[in-house]
Amino acid sequence: MFLRKILFVFALVLFVSDFAAAQTTWTPEMHIKVKAITSPRVSPDGSRVAYAVAGEVMSADKSEYVTQVWLATADGKENSQITFAEKSSTNPKWSPDGRSIAFTSTRKDSKNNLYVLRLNGGEAEPVTDLKGSISDFNWSPDGSSIAYAMADAKTEDEEKNDKGRNDFRWVDENLKMSRLYIVALAKDANGKREPRKLTSENYNVSALNWSPDGKNIVFSFVKTPGANDWTTSDVSILDVASGKISVLANTAAAEGSPVYSPDGRWIAMNVTDIPVRWAQSGTINVFPAAGGSPKKMAVSHDAQPNIIGWSADGAKIYFSEAKGTGTSLYSANAAAGTIVQEQTADAVATSINTNRDCSLFTFVMQTSERPPEVFVARSGDAQPFQVSRINADAAKTPVGRTEVIRWKSTDGKEIEGLLTYPVGYTAGTKVPTILTIHGGPAGVFQHSFIGGRGVYPLAAFAAKGYAILRPNPRGSSGYGTPFRQANIKDWGMGDYQDLMTGVDKVIEMGVADPNRLGVMGWSYGGYMTSTIITKTKRFKAASAGAPVTNLMSFNGTADIPSFVPDYFGGQSWENPDLYIKHSAMFNIKGASTPTLIQHGDADVRVPISQGYELYNALKAQGVPTRMIVLPRQPHGPNEPKMQIAAMQSNLDWFEKYLK
């Protein structure tokens, strides 16, 4: 199985790297140098792979990540960067004949336009010059045109009002919808390429896929561009020549990610259960492309399948999903509806792509101890090739060993988590330990590289002698629908016990020093951190990142107002006692744990007011507390300097109280 063989390859590289490892200590500055790799795609003939690499650019007046496109041979012997603009170039996709690569770039006026690079030489040529930004695109099967989705641009009057500071706006009005367009690669008689708008209806296009004969495009769409409306997703088919649109799926479920079969007779898509829940569950359904009732595939392990594509003969639909702390690859029998697990590994595989007939797979793979790289594998039991060496330098620096541990919660439910040991840990030594809590709540901790960038420098903590426990409590993905929905109307209760019994387990193992415990988490992890300090004094320090602290005010200010009512069965005015019971701000009296609060001031998912509520409540009670505000940052900080600030403040906070 190729995923298992990849782990062997990783182990071999790790063995070699251990001998060559530079004796360097992990720091926040090292974390942000680890490159993010996305969009690996194999050429039609299987000989080359294009992928995108994002690296940091920092100077006195810059702090950003810039993405460039790379090209490699499928055996990994040759790798070269092929775009060099100061602005990002992303999402490379091969032309059907394999002679060109299309990609999007913000190199002009910070608008994401479409470019084509012919591999026989020359510069990338702009295909579009638009005021809007393209979100996604796909080549037509014959390579003569490209279909893309683009949000409406601002009108001339709106741009004028922006400059004149007459730019007031009405909430939920004048929304900029994403439309479907097509542009021919051949220029017209005037030497231009004029895009043709294919959709004008009042909805937001989210995904698109061509029929094999190039006559139709199947696409999914939602009510608005807002994050709250993902539950409204439906699917339609567009006749490219006539522009006629026919509804394919528009039930009370959310239908999305449609993909044509190789013969064009069937369309596979994800369909959620009804009612649609934020703690999602669903199946793959196969619809007749001509219309009609779908065939529902069996329920997968986690009921959150990510469709990859069809087998060449149209008999199978490949998909991936989280399974515990790793990734599994499955196939669904399109006729029988049955599911078979094809591959599994204690590693994280992302950006899984295939050629048209799924005979070749490309993906980005990482483990807790190995940084992400691109791999290629043939369908079946073939040896995978590591294509990229982008993060070879990061692989030379030792990181703490990570293992999966399991324990029983107070109600007997089995909980799983990842325990990372300090670098050079000696068995039997009790060390300061930090409980780290994931977001979601339907997130999941997996074997992602601990040296990656973000707000929590796990490799740096391990280098400084800390153990890190990352549990997957009830509510997490990767363990099936019942487990993921086990925290409905129960936030901060059963999951709290799952976390505390996990800490007890690591103490029993002789690893965690019970007198030097810390806790940190972002988003829902911040919710749990703020809740924990109202329930126990066992932690000597806490760090709450973008924390949900007051369910009432959060629900009235966040960009996802249906989220909390879905989990709690109603609005705050319908059941105020339930919201009060599960909100840290109504239970904060008597909290005494020194707490660091981190928040981006452009966060619309968890508005910064949530952090201020906690900060002021702790400060009023004389609790040691600091709050760092990260300018311009959304829910997940995305600028290198701001990430360094967040990581360093976390290190400093726990060094002060746990060492």
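Quick caveat, the model's predicted, so the values are computed rather than measured.

1. So, the environment of P637
No. 1: Relative to the helices and strands, P637 is located in the loop between β36 (625-630) and α13 (640-658).
No. 2: Among the residues examined, P637 registers a relative accessible area of 11% and is labelled buried.
No. 3: Taking the C-alpha atoms as reference, P637 lies 10.0 Å from D601; in sequence the two are 36 residues apart.
No. 4: Among residues more than four places away in sequence, those in contact with P637 are V455, W522, L630 and Q643.

2. A few points about the side chain of Q68
No. 1: With respect to the helices and strands, the residue Q68 is situated in strand β3 (residues 62-73).
No. 2: Taking relative accessible area as the criterion, Q68 reaches 9% and is therefore assigned buried.
No. 3: Only 2.7 Å separates the side chain of Q68 from the backbone oxygen of A85, close enough to count as a polar contact.
No. 4: When neighbours within four sequence positions are excluded, Q68 is seen to be in contact with Y51, A52, V53, Q81, T83, F84, A85, K87 and S89.

3. Quick notes on the confidence of the model for the chain
The predicted structure's coordinates, where accompanied by low pLDDT, should not be read in detail.
No. 1: Chain-level statistics for the chain give a pLDDT mean of 94 and a share of 96% at 70 or above.
No. 2: Across residues 11-23, where pLDDT falls below 50, the model places 11 contacts with residues more than four positions away in sequence or in other chains.

4. Thoughts on the pattern of salt bridges
Where charged atoms from two side chains of opposite charge approach closely, those side chains can pair.
No. 1: Taken as a whole and assessed by the stated rule, the structure comprises 22 salt bridges.
No. 2: Linking R179 and D152 is a salt bridge whose minimum nitrogen-to-oxygen distance equals 3.0 Å. Here the residue R179 occupies a position in strand β11 (residues 178-184), and D152 occupies one in the loop between β10 (145-151) and α3 (156-163), the gap between them amounting to 27 residues.
No. 3: Residue classification places R179 among the buried positions, given a relative accessible area of 10%.
No. 4: Where R538 meets D504, a salt bridge forms, and the shortest distance between an N and an O atom there is 2.8 Å. Of this pair, R538 sits in the loop between α8 (524-535) and β34 (541-545) while D504 is found in helix α7 (residues 494-508), placing the two residues 34 residues apart along the sequence.
No. 5: Within this structure, R118, E125, K187 and R193 form a network of salt bridges that share partners.

Thresholds, definitions, all that
Residues numbered from 1 in each chain as written. Predicted model: local features only at pLDDT ≥ 70, side-chain atom pairs only at ≥ 80, totals over all residues. Heavy atoms only, no water. Helix = DSSP H or I, 4+ residues; strand = E, 2+ residues; numbered from the N terminus. Buried < 20%, exposed > 50% of the residue type's maximum accessible area, 1.4 Å probe, protein only. Contact = heavy atoms within 4.5 Å. Polar contact = N/O pair within 3.5 Å; in protein donor to acceptor, adjacent residues only side chain to side chain. pLDDT = per-residue confidence, 0-100. Salt bridge = Lys/Arg side-chain N within 4 Å of Asp/Glu carboxyl O.

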